[in-house]
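Listed below, chain by chain, are the residues.
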Amino acid sequence: MSMTGDHLAVIPRYRSLVISYEELAHTFFEEKLDQMFEKVEPVMIDFASKAEADNAQTVFFDAISYIENQREILTKAFFKGVKEGFDDYIQGRPIVYPRPIIETDDASRIGIVDNNDLEIHIAIQAMITKAKNKNHQALYQLVQRLSVLRQGKKIAGHDVPACPTHVATVFQTATIDYDLEQKLLLILYVLFEQNVLKDAGLLYEQANSLFSEAGIYPHLAPVINIQNSVSSKGDEEELPKSAAKADVHANEKRPSCRTEPLKNEDFELGEEVFRSILSLLTERRRNDPRFKNHPEYQPDGNLELLRSKPELISAINGIETPKTIDLHAASSEELEGLNPAERKTAINHSLQERITSERELIYGELDTNTIPTADLDTIELVGMLFEHILDDQELASLTKALICHLHTPYLKLAIIDPNFLTDPEHIARKLLNLLINAGRRWVDESKLSAGIYNHMQSLIQSIMTEFKDDIIVFEKYYAEFVDHLSALEHKTRLLEERTKEATRGKDRLEYSRIEAEDVLNQHCSGIRFHPVLAHFLYSFWKNYITLLLLRNPEIKGGREWRSVLMVINSIIKANSASTDQETLEWLKHTLPRLKKHIREGITFLGMGGEPPEFSALCKLFNNWLSKQAAQSEQPPVELVQPATQTKKKQKKIAAKTAEQKALLETVQQTKIGGWFEFDEPDGKIQRVKLSWYSPVTNNYMFIDRFGNQAFILPTEVLLTKLGNKSARIVEPNRFPFVDQTLKKISKMLGT
């Protein structure tokens, strides 16, 4: 078999197939890049025509000539990167990405993204994700077939030459030296996506046909991936030219963000169940003295007294209801000094009074005996929905106060369009579900500006101001909110990966230090050294071994490792040179070679000059050699036993009791990404996500809602907190709020 290092190269008889695939890719990208460059001028002119200032127009016009002048350079750099990817694949190497991959299946390859480049990285990752989702089936088949060519060893998705990750990253690298403003670079990336990546599926289909006809998995079964098939429904849409022209109905095709509620048939209430709720409400109201004179409850009632729907809406619009957000209920001075539980109760009570007063205001202004019972049912049911928001344990009090401002707008909406209460896909219902789920996930009262709170406040204020009788308002803000959440989720994933990568780096460094000290202890155990030699080995040389292991954990056995051991063993032997003439003679002949090996380490560490530990070592040896004829003149030196400085490797945690064993099993079975709650000393509850576990230190890292590191806990401490109930594993509620609440109301009214 053909081998390249530790990797499997392409079987020689299949190399011509890979070259044919490379030629297909070159032809495809050459044509598509030409199309992209042809679109630069009209797109830049279009942007220039919309610019308000002359200098802004000049920027776009200058970009046309600049990009055209750089066209050949960019094209050559692009194809050079594509060819290098094919070469890496043929030689059995992973594809080398000069620019960091934002998001891959292999988390260890995720680069740390500079905040100034975040918008660029998000744009590149968006086009990668979109192309991967759209071409999931073809890429899956390519991975399988290309793995066969590499002697059956499974290759990673991003190691497929000309895959979306490879192509987009190569294009980003090719444009890195472009002297363009960020907004112009982003326009170029959009053009690349629309004219090149968008049609990449044609290339992947050709490649699969090529391999299939050559007998490589000719009857490869398709992969079933429900999640990707659902999320890719919007992939056929082109990016809008301007956010202002976005279709408000686009939400019907857009992929859902993670914050969106789950869809569960158990919570989709049909017309029959909804009617049973209304029947129960009617029966309960029949015994209410406020409605004893209602025409629909009187055998000879005059139904002409009842308001028509337009009259009812007009009357509600005429009632003076709040048009601005008032958060006094959740931030008044009366709440100061209360503990968290008392504060929560007081806020809920105040919000309950607000919902009741808004409903009673409508009843009082309109006369309940003039409102049809169907609309009375709607008013009461919407009130119940918002009252159940107050019972939600996952919503912060400020979030409840904010969302409750939608009570009157939603009451009016439900009267205009009763489908809100029966159709799970009603746009206003989806928006309310999404707002509540977003509030659960993305609002932290101690970090309001970090999450979704400010955007929610602006959205709710807009609905309060704009909504009269046209539900298109809800469509508009639902689409906007989904986009905002998707961006927030992506930024949070980036930050989480950066946090994990930094922690992994520290963990790998710690592990390498432990390994380095273990190597030294294995060779130096029980030996008392001259202080200079001990300091050299356990300071400078240990640092060198640490970095060698950090760079390549599999280095043992190679030439560099033999050099490491040669220096250690030589220092051990030289330790007795001051008292043994034969060893001193050996040192005289060995010292040049020993210095050579040490200097290789100095070069590896990138030091400008000689480190003090090496200078002291050379001075000591030179001193010994200069006095080799007079051993008695050597001053007596107290020998030392090197002290161990690094923590020892953590042993596997062993549970001592049945309860600890059960807790340990629970923790070990909890998947990365699971949520925990921790009680804080002031009575507050901190919700965090399990982001990473270190097998080196047996530590668990938790992050906050926004991807920042919250804290790191040793396994023993986590088990103790779970055991004394100051910590809990929680399952966030992602069921649709309205659907779930109507189910509860139905049960409540039926008892």
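Residues numbered from 1 in each chain as written. Predicted model: local features only at pLDDT ≥ 70, side-chain atom pairs only at ≥ 80, totals over all residues. Heavy atoms only, no water.

**Describing the overall build of the chain**
The cut-off we apply is this: Working definition: helices are DSSP H or I runs of at least four residues, strands are E runs of at least two. Numbering for both runs from the N terminus. Partly exposed residues are those whose accessible area sits between 20% and 50% of the maximum for their type, while under 20% is buried and over 50% is exposed, using a 1.4 Å probe and protein chains only. Here a residue-residue contact requires only that any non-hydrogen atoms of the pair lie within 4.5 Å. Every accessible area reported is derived by Shrake-Rupley at a probe size of 1.4 Å, with residue values counting cover from the shown protein chains alone.
Across its full length, the chain carries 26 helices and seven strands. A total of 751 residues make up the chain; the buried ones form 49% of that total. Across the chain, contacts joining residues at least 24 apart in sequence account for 75% of those joining residues at least 6 apart. Split by element, the accessible area of the chain, about 37400 Å² in all, is 51% carbon and sulfur.

**Considerations on helix 17 (residues 427-442)**
Spelled out, the test is: Multiplying 1.5 Å by the helix residue count minus one yields the expected span of that helix.
Between the first and last C-alpha of helix 17 there are 21 Å, a value that for 16 residues agrees with the 22 Å anticipated at 1.5 Å per step. Within helix 17, 15 of the 16 residues are buried, which leaves it mostly tucked inside the rest of the structure.

**Details of the layout of surface pockets**
Here is the rule: Cavities and pockets were defined on a 1 Å grid built from protein atoms only: a cavity is a group of points that admits a 1.4 Å probe but offers it no way out, a pocket is an open group of points flanked by protein on both sides within 12 Å along at least five of seven lines, and a lining residue is one with an atom within 4 Å of any such point. Grid points are joined across faces, edges and corners, and a volume is the space filled by probe spheres set on the points. Charged residues are taken to be Asp, Glu, Lys and Arg, nonpolar residues to be Ala, Val, Leu, Ile, Met, Phe, Trp, Tyr, Cys and Pro, and polar residues to be all remaining types, Gly included.
What the second largest pocket holds in volume is close to 920 Å³. Counting residues per element, the lining of the second largest pocket draws most heavily on helix 13 (residues 340-366), which supplies four residues. By residue class, the composition of the lining of the second largest pocket is eight nonpolar, seven polar and 13 charged.

**Focus on the pattern of salt bridges**
The test is simple: Salt bridges are identified by distance alone: a Lys or Arg side-chain nitrogen within 4 Å of an Asp or Glu carboxyl oxygen.
Within this structure, the stated rule accounts for 30 salt bridges. In this structure, the salt-bridge partner of Lys500 is Glu497, at a minimum N-O distance of 3.4 Å. Of the two residues, Lys500 and Glu497 both sit in helix 19 (residues 472-524), three residues apart, roughly one turn of that helix. Judged on exposure class, the residue Lys500 and its partner Glu497 are both buried. For Arg551, the salt bridge goes to Glu560, with nearest N and O atoms at 2.7 Å. Accessibility expressed as a relative area gives 48% for Arg551, which makes it partly exposed. By relative accessible area, which is 24% here, Glu560 ends up partly exposed. A network of salt bridges, in which partner residues are shared, links Glu394, Glu677, Asp679, Arg687 and Arg728.

**Comments concerning the packing of helix 1 (residues 15-50) against helix 8 (residues 200-213)**
What counts here: Simply put, an axis is a line fit to the C-alpha atoms, just over the touching stretch for a helix, and the angle between two N-to-C directions goes from 0 to 180 degrees. Working definition: roughly parallel below 35 degrees, roughly antiparallel above 145 degrees, roughly perpendicular at 65 to 115 degrees, and oblique for all remaining angles. Should the near helix be turned anticlockwise from the far one by less than a right angle, the crossing is left-handed, and should it be turned clockwise, the crossing is right-handed.
In the contact formed by helix 1 and helix 8, the axes pass within 10 Å of each other and the chain directions differ by 160°. As judged from the angle between their axes, helix 1 and helix 8 are roughly antiparallel. The chirality of how helix 1 crosses helix 8 is right-handed. Touching Leu17, Ser20, Tyr21, Leu24, Ala25, Phe28 and Phe29 of helix 1 are Ala200, Leu202, Leu203, Tyr204, Gln206, Ala207, Leu210 and Phe211, all from helix 8.

**Let's talk about the sheet that holds strand 6 (residues 709-714)**
Definition in use: Pairing between strands is defined by DSSP: at least two bridges between the two strands are required.
Read across the sheet, five strands follow the order 6-5-4-3-7 without closing on themselves; strand pairing throughout is antiparallel. With partners counted over all chains shown, the strands left at the sheet margins are strand 6 and strand 7 (727-730), one partner each. Between one strand and the next, the sheet's axes are offset by a mean angle of 35°, whatever the strand orientation. Direction of pairing for strand 3 (residues 675-679) relative to strand 7: antiparallel, over a ladder of four bridges.

**So, unusual backbone geometry**
Phi is positive for Ala162, which is not a glycine, with a value near 70°. Tracing the backbone through its elements, the reader meets Ala162 in the loop between helix 5 (136-149) and helix 6 (164-174). A positive phi angle is found at Asn698, which is not glycine, with a value near 60°. Looking at the element boundaries, Asn698 is found in the loop between strand 4 (685-694) and strand 5 (699-703). Residue Asn698 is classed as buried on the basis of its relative accessible area, which comes to 7%.

**Thoughts on the side chain of Glu677**
Where we set the bar: Polar contact is the term for a pair of N or O atoms within 3.5 Å; when the atoms are in protein, one must be able to donate a hydrogen and the other to accept it, and sequence-neighboring residues count only if both atoms are side-chain atoms.
In this fold, Glu677 is placed in strand 3. Judged by relative accessible area, Glu677 falls into the buried class, the value being 15%. Of note is the side chain of Glu677, whose polar atom sits 2.7 Å from the side chain of Arg687. Contact partners of Glu677, with chain neighbours within four places excluded, come to Ile685, Gln686, Arg687, Ser726, Ala727, Arg728 and Val730.

**Notes on the packing of helix 3 (residues 71-90) against helix 6**
Where helix 3 meets helix 6, the closest approach of the two axes is 9 Å, and the angle between their N-to-C directions is 140°. Our classification of the angle between helix 3 and helix 6 gives oblique. Handedness of the helix 3/helix 6 crossing: right-handed. Contact with helix 3, carried on its side by Leu74, Ala77, Phe78, Gly81, Val82 and Gly85, involves His166, Val167, Val170, Phe171 and Ala174 of helix 6 and no other residues of that element. Looking at the contact of helix 3 with helix 6, its residues break down into eight nonpolar, three polar and no charged.

**Some remarks on the nonpolar core**
In plain terms, the rule: By convention a nonpolar core is built from buried Ala, Val, Leu, Ile, Met, Phe, Trp, Tyr and Cys residues, the set being connected through side-chain atoms within 4.5 Å.
One finds Phe386, Tyr410 and Phe481 to be the most contacted residues of the largest nonpolar core, which totals 76 residues. For this core, the leading source of residues is helix 17, giving nine residues. The residues contacting Tyr410, other than those within four sequence positions of it, are Val382, Phe386, Phe420, Ala428, Leu431, Leu432 and Phe474. Membership of the second largest hydrophobic core comes to 66 residues, among which are Leu17, Val40, Ile64 and Val170.

**Things to note about the environment of Phe211**
Looking at where Phe211 falls in the secondary structure, it is placed in helix 8. C-alpha of Phe211 to C-alpha of Arg145: the two residues are 66 residues apart in sequence and 7.1 Å apart in space. Excluding its chain neighbours within four sequence positions, the residues that come into contact with Phe211 are Leu17, Tyr21, Leu142, Arg145, Leu146, Leu149 and Ile216.

Bear in mind that shape data such as this cannot, by itself, settle questions of function.
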